[in-house]
Amino acid sequence: MSVMQSGTQMIKLKSGTKGLVRLFYLDEHRTCIRWRPSRKSEKAKIVIDSIYKVTEGRQSEIFHRHTEGNFDSSCCFTIYHGNHMESLDLITSNPEEARTWITGLKYLMAGISDEDSLAKRQRTHDQYPFKDISSADKNGDGLLNIEEIHQLMHKLNVNLPRRKVRQMFQEADTDENQGTLTFEEFSVFYKMMSLRRDLYLLLLSYSDKKDHLTVEEFAQFLKMEQKMNNVTTEYCLDIIRKFEVSEENKKQNVLGIEGFTSFMRSSACDIFNPLHSEVHQDMDQPLCNYYIASSHNTYLTGDQLLSQSKVEMYARVLQDGCRCVEVDCWDGPDGEPVVHHGYTFTSKILFRDVVEAINKNAFVKNEFPVILSIENHCSIQQQKKIAQYLKEIFSDKLDLSSVIAGDSKQLPSPQSLKGKILVKGKKLPYNLGADAEEGEVSDEDSADEIEDDCKLKLCYNNGTTEHQMESFIRKKLESLIKESQIRDKEDPDSFTVKALLKATHEGLNVNLKQKAVKSRSKSHSTSDDEESQQNSSGKETGQLYRLGRRGKTMKLCRALSDLVVYTNSVAAQDIVDDGTMGNVLSFSETRAHQVVQQKSEQFILYNQKQLTRIYPSAYRIDSSNFNPLPYWNAGCQLVALNYQSDGRMMQVNQAKFRMNGNCGYVLKPQQMCKGTFNPYSSDPLPANPKKQLILKVISGQQLPKPPDSVLGDRGEIIDPFVEVEIIGLPVDCCKDQTRVVDDNGFNPVWEETLTFTIHVPEIALVRFLVWDHDPIGRDFVGQRTVAFSSLVPGYRHVYLEGLTEASIFVHITINEMYGKWSPLILNPSYTILHFLGATKNRQLIGLKGLFNKNPKHNSVENSGHYVRKRSIGDRILRRTASAPAKGRKKSKMGFQEATEIKDGTSEPTDMKDTEGVIRRTTRSLQARPASMPVDKFLLMGLSSPECETIKDTKREENTSGKMLPK
């Protein structure tokens, strides 16, 4: 450790360069690796927690590219880190230094991976102030003066009066060197600043106004507030021993404010039920009764056109809990099949390497079965090679002879398939003779093959080089992604990413065709016959073009067919159950959306016997993700997402599967496994009790500046507010939010209660978002998404994902509601407006005060109301209005609009509002046609022919409690 902290000169290899000499060192708190010099300055670091693995020698792709380098393999190592498995490739001057770093990093990683969540949180909590003190100490003397303290507090989002800061500074400054704080004195100062008034008042309320809790008082708090059962004296004493910092309090068996604060911030008081960190559901039901975590184009690290394919991605997603991975197989050189995204510029990796990675990582974190979704585009010879590798490497993991299904007509259970790998692929027809070594099978579904009008194929006989072609596409792709990112992360614009992708793709084809025509007109060396031959072969043309449709069948070898047992891929034109057990229908999101909209109840029934896989549209070349909710709501098991893309949809997916130990299998609600219901109904299960969630948002802790802040830590102190969203069946989808707190990200206090009604709690997710209010919109600060079933009642902390100490402090109450509730009780403001009609709108303003103190239930009739796609202008106005006015509590009444997304899948943005979301504030603005430039629409203010007219009966602005002019 000391050698690593002193620093080592190493060569940092990069693709396309000779390598850079840098000083690499471990920071004093052993939390991250840093290097200098670097233009990234403070951001030049890799956090130890983010390191996936360290490999010795020249194993990485970048090392393989530098074949000309005469590097000693014993001096080389690679650090893989981050969600996209980025590699840091380093070369030391001697083998001893490499060995020191490899051993040291593996030691640090082992320590972190063995930590329980409490120890890890305590470690980050202890280190948190010291991460910032180093940067605040400008002259590096280990001391902080009052001005450096002020700068640090601005960075920490603290806005205290200078007089108060000076007072705390003087109280902490106890040594002879007056006017500065040492690191130890700063710890005292930080504790003063961090004193939690809300927790102190809570302690006083149970301690009879004393500054500590006795064992009996603490037990009473746990029973009454935290709803804990079987609280024993020994359990309370154990908590005091574990969390109390004062030795005197420990001797007296009491819990002081510091110990109480540490306990309340621990995993024991997290919003997530700790029992759900382990597998707790029944795992003996048929496979079709489970949602299964599924990945699309698993091998890709980025977009669908140009990104790198990496074997390491399989290791990452499998260890993250994914249980269905995809392998796109194509003929490779030397008879070796390769994996890549066909008709694109993505790099190729060997099929054998992929299978070895899957074999090594499939059951590291859990033993539940892995489904290998094979997309077969290979010749018979290379199909045999695929079958050979699968048998050799997976061995008995493919042997399903010992698997016992409860019923011959049912699929086996995850429990019975533990340690097994299921091959999902085509199967030869049963009427084909057993001695036939190959046969024809349908190729109509080709689930994840790029759509015909998106297939790209290259040839270079007319003067266009591969480099020129790739450069042209790269520029187009980059401009496309930039434009698609000009949107509110949680609320996209009316123009869709799909429309952008399609327009860009079509423009790309036209442009390249024009180039090819010009090239051909200049070149007379190729005869008409040769040109015709080239075009018909499709291999040697000098342009990018759309391929015609291939035949509807393909050849399949017996050896590969025989490996498919319970997961036979079949064409998905419609949901037709032919009685055959073990079929897997594959739908693109577009086709699946139509089926869900038109035949949702039949879809639920079909998914009670068979498996269905939904995959992203081919237009998602930016690897964005669609909303999985509508397909989960219809009982679809395998909803495949791009795991390499962070964002709202992956966060929802992660929350879904975290509720059962992150094992990749989550039991569907019983109502989806037997019987049926209409997921779009206003009361889908009238006989079942509903849940009422009463959520008191109390305070926030150490909320950082937005990650996209231009000025970073030097930017303005944030004005935070909290938005809570329910995600589930359309009738349950809704949002509500707190008021804004001005200039305080360190310890804002809201003390506001939000209330929701949930019809099918087994499906619902609760999403907490923190925003920084801004005069022209809002900036995303952080989020946490939790399954409703995993919420625990009482006082809880909601830690924001990916942020060290940032949290929201809430109180949760969950009640059951039985019987038939009238819409008036569930949602008074909407129902009265609905009954009285549009002409009463202005008269109703005076009724607002009547409902101000009522809980805001959110069960609304939603049939017949559809939300339009919003324009950019709509978004800007809505964002401005979405946060209540600063310092003013927002109106409790909102005329709501139950929404149903009529064409949800046509908007493949990662941050789309969930289908059926009820928003408290909405706008009736015109939508821009996809074909019209954004700037032209905004500047000219043209009427949109595609804009739907929303009646006044469904609209009212409630941002400041005033009606906008119609």
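Everything that follows concerns the structure shown earlier in this document.
Quick summary incoming for the structure in this document.

The rules we used
Residues numbered from 1 in each chain as written. Predicted model: local features only at pLDDT ≥ 70, side-chain atom pairs only at ≥ 80, totals over all residues. Heavy atoms only, no water. Helix = DSSP H or I, 4+ residues; strand = E, 2+ residues; numbered from the N terminus. Buried < 20%, exposed > 50% of the residue type's maximum accessible area, 1.4 Å probe, protein only. Contact = heavy atoms within 4.5 Å. Areas by Shrake-Rupley, 256 points an atom, 1.4 Å probe, with all protein chains shown as cover. Pairing = 2+ DSSP bridges. Axes fitted to C-alpha atoms, helices over the stretch in contact; angles between N-to-C directions. Core = buried A, V, L, I, M, F, W, Y, C linked by side-chain atoms within 4.5 Å. Polar contact = N/O pair within 3.5 Å; in protein donor to acceptor, adjacent residues only side chain to side chain. Phe/Tyr/Trp six-rings, centres within 6.5 Å; stacked < 30°, edge-to-face > 60°. Lys NZ or Arg CZ within 6 Å of the ring centre and 35° of its normal. Parallel < 35°, antiparallel > 145°, perpendicular 65-115°, else oblique. Left-handed = near helix turned anticlockwise from the far one by under 90°. Nonpolar A, V, L, I, M, F, W, Y, C, P; charged D, E, K, R; others polar. Salt bridge = Lys/Arg side-chain N within 4 Å of Asp/Glu carboxyl O. Arc of directions from axis to C-beta.

Time to look at the overall build of the protein. What the protein contains, in helices and strands, is 29 helices and 32 strands. A buried classification covers 57% of the 966 residues belonging to the protein. Within the protein, contacts between residues separated by at least 24 positions form 72% of all contacts whose residues are at least 6 apart in sequence. With the model as given, the accessible surface of the protein reaches about 41600 Å², and the carbon-plus-sulfur share is 50%.

Turning to the sheet that holds strand E27 (residues 734-737), a few remarks are in order. Spatially, E27-E26-E29-E30 is the arrangement adopted by the 4 strands of the open sheet, whose pairing is antiparallel. Among the strands making up the open sheet, the edge pair consists of E27 and strand E30 (777-787). When strand polarity is set aside, the average angle formed by the axes of neighbouring strands in this sheet is 20 degrees. Bridge analysis of strand E26 (residues 720-727) against E27 gives 4 bridges, and the strand direction is antiparallel. The residue bridging Val724 from the neighbouring strand is Asp736, located in E27. Its contacts with the sheet put helix H22 (residues 648-658) on E26, strand E29 (765-774) and E30, and the angle it makes with E30 is roughly 20 degrees.

With that out of the way, let us pick up the nonpolar core. Of all hydrophobic cores here, the largest spans 79 residues; its most connected members are Val327, Phe351, Ile358, Leu372, Leu390 and Phe394. Not counting residues up to four positions away in its chain, the partners in contact with Ile358 are Tyr314, Leu318, Val325, Val327, Leu372, Phe394 and Ile421. Counting residues in hydrophobic clusters, the runner-up holds 30 residues, among them Val722, Val724, Phe756 and Val798.

Bringing helix H5 (residues 146-155) into the picture now. For H5, every residue scored as buried is listed here: Ile146, Glu148, Ile149, His150, Leu152 and Met153. Its side-chain oxygen at 3.1 Å from the backbone nitrogen of Glu147, Asn145 defines the N-terminal cap of H5.

Enumeration over the complete set of coordinates arrives at 16 aromatic pairs. Each ring, one from Phe243 and one from Phe263, has its centre 5.6 Å from the other, and the planes form 75 degrees; the classification is edge-to-face. Here the residue Phe243 occupies a position in helix H10 (residues 233-243), and Phe263 occupies one in helix H12 (residues 257-264), the gap between them amounting to 20 residues. Classification of Phe243 by relative accessible area gives buried; the value is 9%. Looking at Phe263, the relative accessible area reads 2%, which means it is buried. Aromatic side chains Tyr290 and Tyr665 sit 6.2 Å apart centroid to centroid with 80 degrees between the ring planes, which places their arrangement in the edge-to-face category. Of this pair, Tyr290 sits in strand E12 (residues 290-295) while Tyr665 sits in strand E24 (residues 665-667), and the two are 375 residues apart along the sequence. Each member of the pair Tyr290 and Tyr665 is classed as buried. Through successive ring pairs, a cluster of aromatic residues spans Tyr206, Phe218, Phe221, Phe243, Phe260 and Phe263. Between the NZ or CZ atom of Arg196 and the centre of the ring of Phe809, over which it lies, the distance is 5.1 Å. The ring of Trp771 carries the charged tip of Arg778 above its face, separated from the ring centre by 3.8 Å.

The omega torsion across Arg36 and Pro37 is 0 degrees, close enough to zero to call that bond cis. Structurally, Pro37 can be placed in the loop between strand E3 (32-36) and strand E4 (45-47). For Tyr343, which is not glycine, the phi torsion reads 60 degrees and is therefore positive. Among the secondary structure elements, Tyr343 is positioned in the loop between strand E14 (338-339) and strand E15 (349-350).

Here we take up the pairing of strand E6 (residues 76-81). The buried count for E6 comes to 6 of 6 residues, which makes it a mostly enclosed element. Side-chain alternation along E6 places Cys76, Thr78 and Tyr80 on one buried face and Phe77, Ile79 and His81 on a second face that is also buried. Taken together, the 5 bridges between strand E5 (residues 51-56) and E6 define a ladder with antiparallel strand orientation. Paired with Ile51 across the bridge in E6 is His81. As defined by bridge partners, E6 adjoins strand E7 (residues 86-91) across 6 bridges and the pair is classed as antiparallel.

For the rest of this paragraph, the subject is the packing of helix H13 (residues 312-319) against helix H14 (residues 351-361). Packed helices, taken two at a time, are described by the angle their axes make and the gap between the axes. Viewed as axis vectors pointing N to C, H13 and H14 meet at an angle of 25 degrees, and their least axial separation amounts to 8 Å. Between H13 and H14, the crossing angle belongs to the class labelled roughly parallel. Relative to H14, H13 is oriented so that their crossing is right-handed. Seen from H13, the contacting residues are Tyr314, Ala315, Leu318 and Gln319; seen from H14, they are Val354, Ile358 and Asn361. Residue classes in the contact of H13 with H14 are distributed as 5 nonpolar, 2 polar and no charged.

Time to look at the pattern of salt bridges. This structure, assessed with the given rule, holds 23 salt bridges. Notably, a salt bridge pairs Glu234 with Arg241, separated by 2.7 Å at the nearest N-O pair. Measuring nitrogen to oxygen at the nearest pair gives 2.5 Å for the salt bridge that ties Arg620 to Glu589. Placement of the pair is Arg620 in the loop between strand E22 (611-615) and helix H21 (629-633) and Glu589 in helix H20 (residues 589-606), with a sequence separation of 31 residues. Given the relative accessible area of 0%, Glu589 is considered buried. Residues participating in the shared-partner salt-bridge network are Glu56, Arg99 and Lys106.

Quick look at the sheet that holds strand E31 (residues 794-799) now. Within the open sheet, the 4 strands sit side by side as E28-E25-E32-E31. Their pairing is antiparallel. Both edges of this open sheet fall to strand E28 (749-758) and E31, since each of them pairs with a single strand only. Neighbour to neighbour, the strand axes of the sheet diverge by 30 degrees on average, direction disregarded. Relative to E28, strand E25 (residues 690-701) runs antiparallel, the two being bridged by 8 bridges. Within the sheet, the bridge partner assigned to Gln692 lies in E28 and is Thr757. Here helix H8 (residues 197-206) sits on the sheet and contacts E25, E31 and strand E32 (807-817); the angle it forms with E25, its principal contact strand, is near 120 degrees.

This part is about the side chain of Ser309. As for its placement among the helices and strands, Ser309 is situated in the loop between E12 and H13. Polar contacts involving the side chain of Ser309 include one to the main-chain carbonyl oxygen of Ser347, which spans 2.6 Å. Look past the residues within four positions of Ser309 in its chain and what remains in contact with it is Glu61, Tyr299, Leu300, Val339, His340, Thr346, Ser347 and Ile349.

Before going further, it helps to examine the packing of H5 against helix H6 (residues 162-172). Closest axis-to-axis distance for the H5/H6 pair is 11 Å, and the angle between their directions is 120 degrees. The pairing of H5 with H6 is recorded here as oblique in orientation. In this structure, H5 meets H6 at a crossing whose hand is right-handed. Facing H5, whose interface residues are Ile146, Glu147, Ile149, His150 and Met153, H6 presents Arg162, Val165, Arg166 and Phe169.

For Thr55, the location among the structural elements is in strand E5. A residue is classified by how much of its surface remains accessible, and Thr55, at 9% relative accessible area, is buried.

Moving on, we come to the environment of Gln308. Of note, Gln308 is situated in the loop between E12 and H13. With a relative accessible area of 26%, Gln308 lands in the partly exposed category. The sequence separation of Gln308 and Thr346 amounts to 38 residues, and the corresponding C-alpha distance is 5.6 Å. When sequence neighbours within four positions are dropped, the list of residues in contact with Gln308 reads Glu61, Arg65, Tyr299, Leu300, Thr301 and Ser347. Only 3.3 Å separates the side chain of Gln308 from the side chain of Ser347, close enough to count as a polar contact.

All of the buried residues in H14 are Phe351, Val354, Val355, Ala357, Ile358 and Asn361. Taken end-on, H14 shows its buried residues confined to a sector of 160 degrees, consistent with a single buried face.

A word on the pairing of strand E1 (residues 8-13). Two strands pair when backbone bridges link them, and E1 and strand E2 (residues 20-26) are joined in this way by 5 bridges, in the antiparallel orientation. Bridge pairing in E2 links Thr8 to Phe24. Across 3 bridges, the pairing between E1 and E7 is antiparallel. Across the sheet, residue Ile11 finds its bridge partner in E7, namely Ile91.

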